[in-house]
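A closer look at the structure
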Amino acid sequence: MNYTFEFGWLLEYYPAIVKGVLITLQLIAIGGVLGITLGIFCAWVRALGPKWLRPVVATYVEMIRNTPFLIQLFFIFFGLPSLGVQLNELTAANIAMVINLGAYSCEIIRAGIQATPKGQFEAGASLAMTRFETFRHVVLVPSLQRIWPALSSQVVIVMLGSSVVSQIAAEDLTFAANFIQSRTFRAFEAYMVSTVIYLVLAIMLRQILVVIGGFIFPKRSAR
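Summarised in this report is the structure supplied together with it. (Residues numbered from 1 in each chain as written. Predicted model: local features only at pLDDT ≥ 70, side-chain atom pairs only at ≥ 80, totals over all residues. Heavy atoms only, no water.)

1. Notes on the overall build of the protein
Helix and strand content of the protein: 8 helices and 0 strands. From first element to last, N terminus to C terminus, the protein shows the α and β order α-α-α-α-α-α-α-α. The burial tally for the protein puts 43% of its 223 residues in the buried class. For the protein, contacts bridging at least 24 residues in sequence account for 74% of all contacts bridging at least 6. With the model as given, the accessible surface of the protein reaches about 12200 Å², and the carbon-plus-sulfur share is 68%. Charge separation in the protein, taken as the distance between the mean sites of 16 positive and 10 negative side-chain charges, equals 16 Å. (Helix = DSSP H or I, 4+ residues; strand = E, 2+ residues; numbered from the N terminus. Buried < 20%, exposed > 50% of the residue type's maximum accessible area, 1.4 Å probe, protein only. Contact = heavy atoms within 4.5 Å. Areas by Shrake-Rupley, 256 points an atom, 1.4 Å probe, with all protein chains shown as cover. Lys, Arg positive; Asp, Glu negative; His and termini not counted. Charge placed at Lys NZ, Arg CZ, Asp CG, Glu CD.)

Now the structure itself:
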């Protein structure tokens, strides 16, 4: 094999790589916070919420969990304009990630709620708390503590899955790699660099979530 590795293009194209990394971080920051928030709400509805709302949330969760993320992204970016809803690339990508993570985190959090001893619900009722107050003050934190490792893994998976947003021209890290290889014809090197960056981002994100878990749940390690 006479292939010669060449990484000199990094000096010329590093602004594109930096921009791609920053957009990827923005996507996971917004998608992570809002997606988990949506997941908590949906988990509450499915486990303890109004009965009339449960089928709506269940339908949403099943639809998202059983369809490809790329199709969901295309539906939001290409489909909604048919209904008069125009979204730019980043907005569509953010919405898709929030909706996707919300559905998956809902089921993870609901598993933590279902593992809560019934005595905790009875304790809340004995203090004249509503079901939502019991969930918020008594159930939520212990439930999150139980499932934090699984939830952290799901956030990392969604971050890695964000690479497909380049298909709608959102200028993330994968978009930058595609752009660079189209200019330099150095596909191996371009995708090798992007792979290493994704690996570093995934490891860093997991460690950040471990630290966050240790801060929120000081009595028990989030590892």
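After presenting the structure, the write-up continues.
2. Some thoughts on the packing of helix α4 (residues 89-114) against helix α6 (residues 131-161)
Contact pair α4 / α6: the axes reach a minimum separation of 8 Å and the direction vectors enclose 130 degrees. Taken together, the axes of α4 and α6 lie oblique to each other. In terms of crossing hand, the pair formed by α4 and α6 is right-handed. Taken together, the residues of α6 that come into contact with α4 (itself represented by Met97, Asn100, Leu101, Tyr104, Ser105, Ile108, Ile109, Gly112 and Ile113) are Phe135, Val139, Ser143, Leu144, Arg146, Ile147, Ala150, Leu151, Gln154, Val155 and Val158. Class assignment of the residues belonging to the contact of α4 with α6 gives a composition of 14 nonpolar, 5 polar and 1 charged. (Axes fitted to C-alpha atoms, helices over the stretch in contact; angles between N-to-C directions. Parallel < 35°, antiparallel > 145°, perpendicular 65-115°, else oblique. Left-handed = near helix turned anticlockwise from the far one by under 90°. Nonpolar A, V, L, I, M, F, W, Y, C, P; charged D, E, K, R; others polar.)

3. Some details on the pattern of salt bridges
Summed over the entire model, instances satisfying the criterion amount to 4 salt bridges. For Arg46, the salt bridge identified is with Glu107, shortest N-O distance 2.8 Å. Pair noted here: Arg46 is in helix α1 (residues 9-48) and Glu107 is in helix α4, with a separation of 61 residues, a long-range link. Taking the relative accessible area as the measure of exposure, Glu107 reaches 16% and is therefore buried. Two residues, Glu189 and Arg186, come together in a salt bridge whose shortest N-O distance is 3.1 Å. What makes Glu189 buried here is its relative accessible area of 0%. Given a relative accessible area of 24%, Arg186 falls into the partly exposed group. Here the residues in one salt-bridge network are Arg46, Glu107 and Arg110, joined through shared partners. (Salt bridge = Lys/Arg side-chain N within 4 Å of Asp/Glu carboxyl O.)

4. Description of unusual backbone geometry
The phi torsion at Ala169 lies on the positive side, around 70 degrees, for a residue other than glycine. In this structure, Ala169 sits in the loop between α6 and α7 (173-184). Although it is not a glycine, Phe185 adopts a positive phi angle of roughly 60 degrees. Relative to the assigned elements, Phe185 resides in the loop between α7 and α8 (187-216).

5. Brief notes about the environment of Ile216
With respect to the helices and strands, the residue Ile216 is situated in helix α8. Ile216 sits in the partly exposed class, given a relative accessible area of 41%.

6. Topic: the packing of aromatic side chains
Here the structure, examined in full by the defined rule, presents 7 aromatic pairs. Residues Phe7 and Trp9 carry aromatic rings whose centres are separated by 6.4 Å and whose planes lie at 35 degrees to one another, so their mutual orientation is tilted. The interplanar angle of 75 degrees and the centroid separation of 5.7 Å between the aromatic rings of Trp148 and Phe217 together place this pair among those described as edge-to-face. Placement of the pair is Trp148 in helix α6 and Phe217 in the segment after α8, with a sequence separation of 69 residues. Take Trp148 and Phe217: they sit in the same class, and that class is buried. One aromatic cluster is present, built from ring pairs that chain together Phe74, Phe77 and Phe78. (Phe/Tyr/Trp six-rings, centres within 6.5 Å; stacked < 30°, edge-to-face > 60°.)

7. Brief notes about the nonpolar core
Formed by 59 residues in total, the largest nonpolar core has its most connected members in Ile17, Phe135 and Leu144. Contributing elements (two or more residues each) for this core: α1, α2 (54-65), α3 (69-79), α4, α6, α7 and α8. Among the elements that take part in this core, α1 stands out by supplying 14 residues, more than any other. (Core = buried A, V, L, I, M, F, W, Y, C linked by side-chain atoms within 4.5 Å.)

8. A look at the environment of Leu173
Mapped onto the elements of the fold, Leu173 is located in helix α7. Judged by its relative accessible area of 2%, Leu173 is buried. Sequence separation between Leu173 and Val141 is 32 residues; the distance between their C-alpha atoms is 34 Å. Ignoring any residue separated from it by four or fewer positions in sequence, one finds Leu173 in contact with Ile17, Gly20, Val21, Thr24, Ser194, Ile197 and Tyr198.

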